[in-house]
Structures are given as structure tokens and as C-alpha cells.
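As a plain string of letters, each chain reads:
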Amino acid sequence: FLLATAMVIVPMTTLEGNPVVIRSADKVELAKKEPWKLSVTRIEDFLNRYLASRFDWNEATFGEKRYNLKSIVAEGVFVKLKDSLAAFESLNKSQKARSYYVLEGFAFANEKHQIEAHISRVLRIGKLALATPLVIQIEYRDVAITESNPYGLQISALSESEAN
């Protein structure tokens, strides 16, 4: 059955151009050429891509995460993050720091193109760890689906603040 399905799907996708593969922790899928419906899964995967690119790094992955982040945020947003990224990169190099996050919860509004996420960012330097609760507010827009942005969404405005 899988071979028959592949024989039908692969020729169709190659006629339309190279398929875009979406990888997550538990599955691999082909992205559709037309924009996805705004589903909880699409928003959650997009949000996790942002959070992982922004807050989940170590010395070996910092460059890759920076590249991934640049592919899903507008240029103006990326410019605003440069100082923060430079500070984290300096900590990373000088003190072998690492960062990760815990997603506490999120909500989104389709009609407003907004996402709000509550996370705990953990910055670990040696044996010390500092957890900071953050509220992330994202405004997004539809863009073309690409290999580096299989969600077809881009962050157009961003606010990161400490939770009260």
C-alpha cells in the first residue's frame, strides 16, 4: 500500500516542483503548495519553530538556530533581536552557556493573526540555571511556503516581556 501511495504522490509533487518536507519530533510530512488552513497544529508547529530557534540553543547549534530564526521573522523583527542574540552568543562562547524553554501554554486568534505564548526560558551557565517566565506576543502574516519556512507564516511584529 505504501509503495502504491508513493507512486501516486511522488510524481504529482515532482510535476509541481520540489516538495517541501516538514520534519517534527514524531513525523515527516510533505507541505502543500497552497497555504494550509490555519489549524492548531500549523500554529503550534510554527510557534515551536520560533521558540526553538530563539530559545533552545547551545554552542554547537547557535548558528543553525540563528539561520532558522531569520527564515521565519521579518527583517525588521530580526534587526530588533540582534542585540539580544549577540548577548546570548557572547555568553555561549565565553561561558559555554545553553538555553532552552518550556512552553506553558499558548492561544491564537485567526482573524487577528496573533499568537500569545507563555514560556519559561532557562539559561544555564555551568551548574547555575536561571528560569525566567516570559509572555511572547506575535503578529504573523502569510508568506510563500519555502524549504526554510514550510509553514508559510512569518512573524511581522513581536513582543517578549517578563510575566508578572
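**What to know about the confidence of the model for the protein**
Move 1: Averaged over every residue, the pLDDT of the protein is 82; residues scoring 70 or more account for 77%.
Move 2: Ranking the helices and strands of the protein by mean pLDDT puts strand 6 (residues 153-162) first, with 96, and helix 1 (residues 2-15) last, with 42.
Move 3: In this model residues 1-17 is a low-confidence stretch, pLDDT under 50, and it forms six contacts with partners more than four residues away in sequence or in other chains.

**Some remarks on the sheet that holds strand 3 (residues 98-109)**
Move 1: Here four strands make up an open sheet; going across it, the order is 3-4-5-6 and the pairing antiparallel. Looking at which strands have only one partner, the edges of the open sheet turn out to be strand 3 and strand 6. Pairwise comparison of adjacent strand axes, ignoring direction, gives a mean angle of 25 degrees for this sheet.
Move 2: Note that strand 5 (residues 128-142) and strand 6 share nine bridges and pair antiparallel. Its bridge partner lying in strand 6, Arg141 is registered against Gln154.
Move 3: Of the strands in this sheet, strand 3, strand 4 (114-125), strand 5 and strand 6 are in contact with helix 2 (residues 40-55), which crosses strand 3 at around 150 degrees.

**Remarks on the packing of aromatic side chains**
Aromatic ring pairs are reported here in terms of the distance separating the ring centres and the angle at which the planes meet.
Move 1: Taken as a whole and judged by the stated rule, the model has five aromatic pairs.
Move 2: Residues Phe106 and Phe108 carry aromatic rings whose centres are separated by 6.5 Å and whose planes lie at 15 degrees to one another, so their mutual orientation is stacked.
Move 3: On the basis of relative accessibility, which here comes to 25%, the residue Phe106 falls in the partly exposed class.

**Some points on the pairing of strand 4**
Move 1: Bridge count between strand 3 and strand 4: 11 bridges; the pairing is antiparallel. Note on strand 4: the bridge partner recorded for Tyr101 is Arg121.
Move 2: Pairing of strand 4 with strand 5, which is carried by 12 bridges, proceeds in the antiparallel orientation. Bridge pairing in strand 5 links Ile115 to Ile138.

**Some words on helix 4 (residues 75-95)**
Move 1: Under the 1.5 Å per step criterion, the end-to-end length of helix 4 is 29 Å for 21 residues, consistent within 8% with the ideal 30 Å.
Move 2: Lys82 marks the point of greatest bend in helix 4, at about 40 degrees.
Move 3: Those residues of helix 4 lying buried are Val77, Phe78, Leu81, Leu85, Phe88 and Asn92.

**Thoughts on the side chain of Asn149**
Move 1: Position of Asn149 among the secondary structure elements: in the loop between strand 5 and strand 6.
Move 2: A residue is classified by how much of its surface remains accessible, and Asn149, at 2% relative accessible area, is buried.
Move 3: Here Leu153 takes part through its backbone oxygen, which lies 2.6 Å from a polar atom of the side chain of Asn149.
Move 4: Beyond its immediate stretch of four places on either side in the chain, Asn149 contacts Ser71, Ile72, Val143 and Ala144.

**Topic: helix 3 (residues 62-72)**
Move 1: Looking only at helix 3, the buried set comprises Phe62, Lys65, Asn68, Leu69, Ser71 and Ile72.
Move 2: Each element contacted by the buried residues of helix 3 is listed here: helix 2, helix 4 and strand 6.

**So, the pattern of salt bridges**
Move 1: Counting across every chain of the model gives five salt bridges.
Move 2: Residues Glu160 and Arg54 are paired through a salt bridge, measuring 2.8 Å at the closest nitrogen-oxygen approach. With Glu160 in strand 6 and Arg54 in helix 2, the pair connects residues that are 106 residues apart, well separated along the chain.
Move 3: Two residues, Arg66 and Glu89, come together in a salt bridge whose shortest N-O distance is 3.1 Å. Taken as a pair, Arg66 in helix 3 and Glu89 in helix 4 lie far apart in primary sequence, 23 residues in all.
Move 4: Here Glu89 falls in the partly exposed class, since its relative accessible area comes to 24%.

Definitions and limits used
- Residues numbered from 1 in each chain as written.
- Predicted model: local features only at pLDDT ≥ 70, side-chain atom pairs only at ≥ 80, totals over all residues.
- Heavy atoms only, no water.
- pLDDT = per-residue confidence, 0-100.
- Helix = DSSP H or I, 4+ residues; strand = E, 2+ residues; numbered from the N terminus.
- Contact = heavy atoms within 4.5 Å.
- Pairing = 2+ DSSP bridges.
- Axes fitted to C-alpha atoms, helices over the stretch in contact; angles between N-to-C directions.
- Phe/Tyr/Trp six-rings, centres within 6.5 Å; stacked < 30°, edge-to-face > 60°.
- Buried < 20%, exposed > 50% of the residue type's maximum accessible area, 1.4 Å probe, protein only.
- Expected span 1.5 Å × (residues − 1).
- Bend = angle between axes of the 7 residues up to and from the residue.
- Polar contact = N/O pair within 3.5 Å; in protein donor to acceptor, adjacent residues only side chain to side chain.
- Salt bridge = Lys/Arg side-chain N within 4 Å of Asp/Glu carboxyl O.

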